[in-house]
Amino acid sequence: DIEGIDGTVLGLISTSNGGLTWEHILKNFKVEGTKTTIWPTVVEYVSNEDIFVGAKSNYILKTNDGGKSWTPILLPYLKRTDSYGYDEVVLLSMYDKNYGIALSDSEPFSVATKLYSTKDGWKTFKEVKVPQDYYIIQASSGKIYSSVKY
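Residues numbered from 1 in each chain as written. Predicted model: local features only at pLDDT ≥ 70, side-chain atom pairs only at ≥ 80, totals over all residues. Heavy atoms only, no water.

Draft legend 1. Representation of the pairing of strand 4 (residues 40–45). Sheet topology places strand 4 next to strand 5 (residues 51–55); 5 bridges connect them, and they run antiparallel. Opposite Pro40, over in strand 5, you have Ala55 as the bridge partner. Hairpin geometry of strand 4 and strand 5 is characterised by an intervening segment of 5 residues between the two adjacent antiparallel strands. (Pairing = 2+ DSSP bridges. Helix = DSSP H or I, 4+ residues; strand = E, 2+ residues; numbered from the N terminus.)

Draft legend 2. View of unusual backbone geometry. Even without glycine at this site, Trp122 takes up a positive phi of about 75°. On the secondary structure map, Trp122 appears in the loop between strand 10 (113–118) and strand 11 (126–128).

Draft legend 3. A look at the pattern of salt bridges. Throughout the structure, instances matching the rule amount to 3 salt bridges. Among the salt bridges present, the one from Lys114 reaches Glu127, with a minimum N-O distance of 3.5 Å. Of the two residues, Lys114 sits in strand 10 while Glu127 sits in strand 11, which places them 13 residues apart along the sequence. The class of Glu127 is partly exposed, set by a relative accessible area of 34%. Taking the shortest distance from any N to any O, the salt bridge between Lys129 and Glu127 comes out at 3.6 Å. A single network of salt bridges, built from pairs that share partners, joins Lys114, Glu127 and Lys129. (Salt bridge = Lys/Arg side-chain N within 4 Å of Asp/Glu carboxyl O. Buried < 20%, exposed > 50% of the residue type's maximum accessible area, 1.4 Å probe, protein only.)

Draft legend 4. Spatial organisation of the sheet that holds strand 6 (residues 59–63). Taken together, 4 strands build an open sheet; the order of strands is 4-5-6-7 and the sheet is antiparallel. The open sheet is flanked by strand 4 and strand 7 (71–74), the only strands paired with a single partner. Across the sheet, the mean angle from the axis of one strand to that of its neighbour is 20°, orientation sign disregarded. Pairing between strand 6 and strand 7: 4 bridges, direction antiparallel. Bridge assignment links Ile60 to a residue of strand 7, and that residue is Ile73. (Axes fitted to C-alpha atoms, helices over the stretch in contact; angles between N-to-C directions.)

In structure tokens, the structure reads:
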């Protein structure tokens, strides 16, 4: 299957026939009780049923039914000194449907970064301390890669 982000309609599209036809599995998702519309930034497919989406506004969306229903998870907002900008999930890596990591960043100037991990598919999560003077540059299969700040 090939998957893609469709920013025009703020959603996620999927194909199961090599791109001949596409289906929206996430379209204009609004968080209930708020005016927040989710803008996907990163997608992690664990299986055809278990999909995780990192997004602006510091949300992770998850589905365990292939996109028929979605559960929003709000990560803590980052402490910033400016009064504008937004937080977003910029990296999301799941080892399986339970274990994973997410990196939250503050835009537009990347003034704060936080790393989170989960053992239960984002029902609960904790902050992971990153050593001072290191930047997270990649997350894959539940592993974290970083580089030293010079």
